[in-house]
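# A look at the structure
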Amino acid sequence: MKKTQRNIVAFVALLLMFAFSASLFAQDGQRVIKRKVAIGRFSNETQYGKGLFYDKENDPMRKQALDILSARLATSGKFILLEREDLDVLVAEGGSAMNKIGADYIILGSITEFGRKTEGEQRVFSNTKTQTVEAAVSIRLVEVSSGLIIYSEEAKGYAETSAKQTLGLGGQAGFDATLSDKAISAAISQLVENIINKCTDKPWRSYLLSVDDGAYVIGGGASQGLRVGDTFNVYRKGKSVKNPQTGMMIELPGTKLGKVTILQSMGDTPESEISICTYEGETIDAEHLENYYILND
């Protein structure tokens, strides 16, 4: 390989390294530990386009909304998006079944309103035709560790296109299918920032998976932004009490016991990544690791 080619290869490799590193940092320069998010299927609650042979599983608007939200969250560089075919079943079961999802948060959405109208204005020498689409999208953000809905909101988006003809000359305002995408995208855009803030406001949480001969294994690895030498606090779960007003069980704040330091990370996928750590602090009961959790507070 010629020297010039080697220089180009090295330069490209350097750019990729910087791009990967940049994805782990927020705009304020603070390193980001990516949250694992599972997006549930969007439902289309409107009657638009639902004929006799309507197929719920292949609803085009539902897929549009799902794809748009996934793209927006992925572009932020703060999330790892997980796909689970059995997500709806696990969400419906609730409780301990939620932990099988392997995500920090679940996003559930629905298109609640959708309308399209065409209006025209006829004058002596000209005519104008305007198409307008309005869509409303509802989002719920569920924290897997508690099963609670921590954010719920609905937003509306609009999109329109116009064409004007004078003395028969000018554009034709035919049916514009892209307006659906634009209206749904506009609605989702109003919700994305709040979703990001809600997910990143709380400390990143993980769990002890195994303790063997002084090696402590926690969930999470390089794809989330964990690095060798990182330290995280270890907590014993607080007592669970029942709220007499709502009937819900509430976990009280945990007790800080010590800290783990990452020695090595491994795993082929975000779902299977783990980190091997050392531990300093009070004794941990290796027979009941479900009583402990990790925070980056």
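Now for a quick tour of the structure. The residue numbers shown here count from 1 along each chain, following its written sequence. Residues qualify for local features only when their pLDDT is at least 70, as the model is predicted, and side-chain atom pairs are given and counted only at 80 or more; totals for whole chains, interfaces and linings, by contrast, use all residues. Only hydrogens and water are set aside; all other atoms, that is, all heavy atoms of the structure, feed into the side-chain values.

### Remarks on the environment of K36
Tracing the sequence through the fold places K36 in strand 1 (residues 35-39). C-alpha separation for the pair K36 and K78, spaced 42 residues apart in sequence, amounts to 9.0 Å. By the convention used here, residues are in contact when the closest approach between their heavy atoms is within 4.5 Å. Every residue in contact with K36, bar those within four places of it in the chain, is listed here: I80, L82, G102, A103, D104, Y105, Q224, P270 and E271. To qualify as a helix, a DSSP run of H or I must reach at least 4 residues; to qualify as a strand, a run of E must reach at least 2; elements of each kind are numbered from the N terminus.

### A closer look at unusual backbone geometry
Excluding glycine, residues mostly have negative phi values, and the peptide bonds linking residues are mostly trans. For D213, which is not glycine, the phi dihedral falls at a positive 55°. Turning to its location among the elements, D213 is positioned in the loop between strand 9 (208-212) and strand 10 (215-219). Residue D213 is classed as exposed on the basis of its relative accessible area, which comes to 78%. Each residue's exposure class comes from its accessible area (1.4 Å probe, protein chains only) as a fraction of the maximum for that residue type: buried when under 20%, exposed when over 50%, partly exposed otherwise.

### Some points on the environment of Q264
Looking at the element boundaries, Q264 is found in strand 14 (residues 255-266). For the pair Q264 and A222, spaced 42 residues apart in sequence, the C-alpha to C-alpha distance is 9.4 Å. Ignoring sequence-local partners within four residues, the contact set of Q264 consists of V228, I274, S275 and I276.

### Describing the pairing of strand 11 (residues 231-236)
DSSP bridges decide pairing: two strands pair if at least two such bridges lie between them. Pairing of strand 11 with strand 14, which is carried by six bridges, proceeds in the antiparallel orientation. Residue pairing in the sheet places V234 in a bridge with G258 of strand 14. Inspection of the sheet shows strand 11 paired to strand 16 (residues 292-295) by four bridges, in the antiparallel sense. Following the sheet pairing, R236 is matched in strand 16 by Y292.

### Things to note about helix 2 (residues 60-76)
Multiplying one less than the number of residues by 1.5 Å gives the expected span of a helix. Compared with an ideal rise of 1.5 Å per residue, which puts 17 residues at 24 Å, helix 2 spans 25 Å between its outermost C-alpha atoms and is within 8% of the ideal. Of the residues trailing helix 2, G77 is marked for its positive phi of about 75°.

### Focus on the packing of helix 2 against helix 4 (residues 178-201)
Each axis is a line fitted through C-alpha atoms, and for a helix only the stretch in contact is used; angles between axes span 0 to 180 degrees, taken between their N-to-C directions. Contact geometry of helix 2 with helix 4 gives a least axis separation of 9 Å together with a crossing angle of 40°. Classified by the interaxial angle, the pair formed by helix 2 and helix 4 is oblique. As for the relative orientation of helix 2 and helix 4, their crossing is right-handed in sense. Contacts between helix 2 and helix 4 involve M61, Q64, A65, I68, L69, R72, L73 and S76 from the first element and S180, D181, I184, S185, I188, S189, V192, I195 and I196 from the second. Throughout this entry, Asp, Glu, Lys and Arg are counted as charged residues, while Ala, Val, Leu, Ile, Met, Phe, Trp, Tyr, Cys and Pro are counted as nonpolar. The remaining residues, Gly among them, count as polar. Residue composition of the contact of helix 2 with helix 4, by class: 10 nonpolar, five polar and two charged. With respect to orientation, any angle under 35 degrees is reported as roughly parallel, any angle over 145 as roughly antiparallel, any angle of 65 to 115 as roughly perpendicular, and every other angle as oblique. Each helix crossing is assigned a hand: it is left-handed if the near helix lies turned anticlockwise from the far helix by less than a right angle, otherwise right-handed if that turn is clockwise.

### Digging into the nonpolar core
Residue types Ala, Val, Leu, Ile, Met, Phe, Trp, Tyr and Cys, when buried and joined through side-chain atoms within 4.5 Å, form a set referred to as a nonpolar core. Counting residues in each nonpolar core, the largest one holds 31 residues, and the members touching the most others are L69, L73 and I139. Of all the secondary-structure elements, those providing two or more residues to this core are strand 1, helix 2, strand 4 (105-122), strand 5 (126-143), strand 6 (148-166) and helix 4. Among the elements that line this core, the one with the most residues is helix 4, at 10 residues. Ignoring sequence-local partners within four residues, the contact set of L69 consists of I39, F42, I107, I139, I188, V192 and I195. Residues L226, L257, Y279 and I284 belong to the second largest nonpolar core, which totals 17 residues.

### So, the pattern of salt bridges
Where side chains of opposite charge bring their charged atoms close, a pairing between them can arise. Between Lys or Arg on one side and Asp or Glu on the other, a salt bridge is scored when a side-chain nitrogen of the former is within 4 Å of a carboxyl oxygen of the latter. Here the structure, examined in full by the defined rule, presents four salt bridges. A salt bridge links E113 to K156; the shortest N-O distance between them is 3.5 Å. With E113 in strand 4 and K156 in strand 6, this pair connects stretches of sequence that are 43 residues apart. Looking at E113, the relative accessible area reads 32%, which means it is partly exposed. For K156, a relative accessible area of 32% translates into the label partly exposed. In this structure, K202 engages E143 in a salt bridge whose closest nitrogen and oxygen atoms are separated by 3.1 Å. Taken as a pair, K202 in the loop between helix 4 and strand 8 (205-206) and E143 in strand 5 lie far apart in primary sequence, 59 residues in all.

Keep in mind these numbers describe shape, not what the thing actually does.
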